[in-house]
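One letter stands for each residue in the lines below.
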Amino acid sequence: MRVLLVEDDEMIGRSLKQALEGAGWSADWVRDGELAQSALADGDYTCVLLDLGLPRQDGTEVLRRARERGDATPVLVLTARDGLDDRIHSLDLGADDYLRKPFEFRELLARMRAVVRRRDGAAHSLIGGSTLQLDLTTREVVSGGAREALTAREFALLHALLERPGAILSREQLENRIYGWGEEVTSNAIDVLIHGMRRKLGAESIRNVRGLGWRVVA
Amino acid sequence: MSPALSGTRWWRPRSLRTQLLFWLVTLHLVAAALTAWFTFVAYGDLVHNALDEQMRLVADSYAGGDPPRSPHPLDAEAAVTRGAFVVQLWSADGRTLRASSWPPLAAVPLHPEPGFSDANTGVHPHSHWRVFTAEAGPRADQPRVQVLQNEDYRRRRTMRRALLEGLPIALLLPLALLILWIIVSAASRSLRAVARDVASQDERSPTELSLARVPDEIAPLVHAFNHLLSRVRNAFATQRRFVQDAAHELRTPMAAIGLQIENLRAHVPAGEATERFNQLEAGVTRAQHLIEQLLSLSRQDAPGRATSREPVDIEALLRESVSQLMVLADARRVDIGFEGRVAPMVMAPPAELRSVFDNLIDNALRYAPEGGVVDVRLHAAEGHAVVDVLDNGPGIPGSSMGRVFDRFFRVPGAPAGGSGLGLAIARTAAERHGLRIELRNREDGSGLMARVHLPPPTAPLTPP
């Protein structure tokens, strides 16, 4: 898995390259827009981490030209600016995601996985965080290296909760996702389902937030 | 306007309108009084002289007669009230009154010198008389003629005439004052319009005042004001750029430090080194939090940001806010709960409302003890919607209650790694959009309750 790191800041560039290599990526680091342009044209990268404020050619320009060439490599924009305009502009130009500095390295890795997965479609059909994942093709849950088969409703429940790891879903939202139109839903159906899942995956796997609903810790 | 209270001298009140009106009305009244006085005196003289002339003609008509005519008899009413001429015919030596048209006036003797004089027959008001004594005729036996007219009648007549002449001035005076008042009021109205324009300015994005309806005298002031506004706008733009640059310059090294810490993690040996490493990481996290708070504070201060108001569902907003802060709740093992009994809408920019509730909930999560409880409740109190954020932390000592909204103020001995800016940011954002934050220590146990009073949904929000 090769990642192209485009970053002009020496400190961030070096640490990020180091961290990425530590996480199993092989990282090529370029420091300006023009070099990024030629690296993108030559190399075959799984993912690009792109800073916006670059010497010689701005990050947005690099992105625009790459997309014009028909280059579909997933691009994750990293910037220290907090302008909403920058964010919308880069997403409009074809960035796959946007992360503001400073960021948690684990979050960066999760987002990188997500953009790569989105590009690859069904080939990489694992969704979820680091502790709990769901295999969309085999309909199995992956927890601590072990795989376990799920019933249709258990699968629907975990699918809903793992789509955006950490998001809180209310009882109503879960019911809508799990049960079809016109299907009779008993008042404690969700509780029973979650109780069963906790028995399989551990008590801490699905957490309740009083008054709001349930979530899976990413 | 009380001169003592306004600290100005009575002849120069602070209000231009009062000053103008005061002096214009005074001048008008003085001018009218002087005109009336001169008219009165001039017409008085005119009438006086005309009456004197008549007396002379009457006297001449008697003196020239040969044989002398005897005067028409008069009654008191004619002589005193109607001012008829009383004719006296005296003997040539002036000693004996031969004939008189009104005998009671015999008390006035023949004046030795010919010409006009005044006579007084007593003290009552009709006793003043104007007297004309004709010259003695060429023959020694010719009678002397003296004509008298009641002075009181003459005065009344003069007065009536003069008053009639002064009437137009008296009638014009109130009309002139009314016109003055209208003109001065119109001028001060245009000043008030300028003041209203200035007052309705948004301090974060001031716009130029229109010169269309400004009087020439005020135009330089408005020009100067517009010039000042454009300089203020430039200063604002500079400040905005500075905040953006500062954000970039501060976040970049923080991001690098965060990554280096991440890289170091795998190489830290267990034991004391790990503990020190964790302290270092906590310190960096705290510095990052402080920088983000500082940046959001300066973004709040930075003017001219386009903030579009839209109806915001507070319940949905609180759900999002709690979801996002679950990371902190998990880290501190705080049990956070939500309870929504009402579903109010508020017109405001969603991001600014988020900063109100994010900061309050963040605060509660930091001050609640490890493994504590935080409750977010949306309900109606005292007839309007409120959001309560409750923790079971130490609360705020009474001595610090007045200062907790100050920037960088942290309750002495507070354990939490806060920046001291959260409440200041929350309050600024709240006040800008008609919300009010009230803090009080819980009565049902230890802890703090932060209550946010939401604006009533129908009332128009006051502009920031």
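Let me sum up the structure you'll find in this document. Because the structure is predicted, anything quoted here is derived from the model rather than measured. (Residues numbered from 1 in each chain as written. Chains lettered and ligands numbered in written order. Predicted model: local features only at pLDDT ≥ 70, side-chain atom pairs only at ≥ 80, totals over all residues. Heavy atoms only, no water.)

1. Some points on the overall build of chain A
So, point 1. Per the secondary structure count, chain A includes 8 helices and 11 strands.
So, point 2. Burial analysis of chain A (218 residues in total) assigns 46% to the buried set.
So, point 3. For chain A, the share of sequence-separated contacts (at least 6 apart) that also reach a separation of at least 24 residues comes to 52%.
So, point 4. Surface exposure of chain A reaches about 10900 Å², of which carbon and sulfur atoms provide 49%. (Helix = DSSP H or I, 4+ residues; strand = E, 2+ residues; numbered from the N terminus. Buried < 20%, exposed > 50% of the residue type's maximum accessible area, 1.4 Å probe, protein only. Contact = heavy atoms within 4.5 Å. Areas by Shrake-Rupley, 256 points an atom, 1.4 Å probe, with all protein chains shown as cover.)

2. A word on the environment of His227(B)
So, point 1. Structurally, the position occupied by His227(B) is in helix H5 (residues 219-265).
So, point 2. For the pair His227(B) and Glu208(B), spaced 19 residues apart in sequence, the C-alpha separation works out to 8.6 Å.

3. Description of the side chain of Ser170(A)
So, point 1. Inspection of the secondary structure assignment puts Ser170(A) in the loop between helix H6 (152-163) and helix H7 (171-178).
So, point 2. Apart from residues lying up to four places away in sequence, Ser170(A) is in contact with Leu212(A), Gly213(A) and Arg319(B).

4. A few points about the sheet that holds strand E1 (residues 86-90) of chain B
Residues and elements named next belong to chain B.
So, point 1. Overall, antiparallel pairing links the 5 strands, which are arranged E2-E1-E5-E4-E3 in an open sheet. The open sheet has two free edges, formed respectively by strand E2 (97-100) and strand E3 (115-120), since each of these has just one partner strand. Averaged over all adjacent pairs, the angle separating strand axes in this sheet is 25 degrees, with direction ignored.
So, point 2. As judged from the 3 bridges shared by E1 and E2, these two strands associate in the antiparallel manner. Residue pairing across strands places tryptophan 90 opposite leucine 97, the latter belonging to E2. (Pairing = 2+ DSSP bridges. Axes fitted to C-alpha atoms, helices over the stretch in contact; angles between N-to-C directions.)

5. Thoughts on helix H3 (residues 59-68) of chain A
All names here are of chain A.
So, point 1. When H3 is considered as a whole, its buried residues turn out to be Gly59, Thr60, Val62, Leu63 and Ala66. One face of H3 carries all of its buried residues, which in axial projection span an arc of 160 degrees.
So, point 2. Two residues or fewer past H3, glycine 70 is found with a positive phi of approximately 90 degrees. (Arc of directions from axis to C-beta.)

6. Quick word on the pattern of salt bridges
Residues and elements named next belong to chain A.
So, point 1. Following the criterion strictly, the structure yields 47 salt bridges over all chains and no others.
So, point 2. For aspartate 135, the salt bridge identified is with arginine 147, shortest N-O distance 3.2 Å. Within this pair, whereas aspartate 135 is found in strand E7 (residues 132-135), its partner arginine 147 is found in strand E9 (residues 146-149), the two being separated by 12 residues in sequence.
So, point 3. Residue classification places arginine 147 among the partly exposed positions, given a relative accessible area of 45%.
So, point 4. Residues joined by salt bridges that share partners form a network here, namely Glu61, Arg64, Arg65 and Glu68. (Salt bridge = Lys/Arg side-chain N within 4 Å of Asp/Glu carboxyl O.)

7. Regarding the interface of chain B and chain A
So, point 1. Contacts between the two partners involve 29 residues from chain B, matched on the other side by 24 residues from chain A.
So, point 2. Of the roughly 2400 Å² buried between chain B and chain A, counting both surfaces, carbon and sulfur atoms make up 55%.
So, point 3. Contact with chain A buries area across many residues of chain B, yet Arg251(B), Leu259(B) and Asn263(B) alone supply 24% of it, more than any other trio.
So, point 4. At the junction of chain B with chain A, the criterion picks out 5 salt bridges.
So, point 5. In this structure, Asp330(B) and Arg215(A) form a salt bridge, with 2.6 Å as the shortest nitrogen-oxygen distance.
So, point 6. Where chain B meets chain A, there are 13 residue pairs in polar contact (both at pLDDT 80 or more).
So, point 7. Of all elements in the fold, only H5, helix H6 (272-301), helix H7 (314-331), strand E7 (335-340) and strand E9 (373-381) of chain B reach the threshold of two or more residues within the side of chain B that touches chain A.
So, point 8. It is H5(B) that contributes the most residues to the side of chain B that touches chain A, 14 residues altogether. (Buried area = accessible area lost by both parts, 1.4 Å probe. Polar contact = N/O pair within 3.5 Å; in protein donor to acceptor, adjacent residues only side chain to side chain.)

8. Comments concerning the sheet that holds strand E3 (residues 47-51) of chain A
Residues and elements named next belong to chain A.
So, point 1. Pairing is parallel in the open sheet, where 5 strands are placed in the order E2-E1-E3-E4-E5. Because the sheet does not close on itself, it has two edges, and the strands there are strand E2 (26-30) and strand E5 (97-100). With direction set aside, neighbouring strand axes in the sheet form an average angle of 20 degrees.
So, point 2. Where strand E1 (residues 2-6) meets E2, 5 bridges bridge the pair, whose relative direction is parallel. Counted as the bridge partner of arginine 2 is serine 26 from E2.

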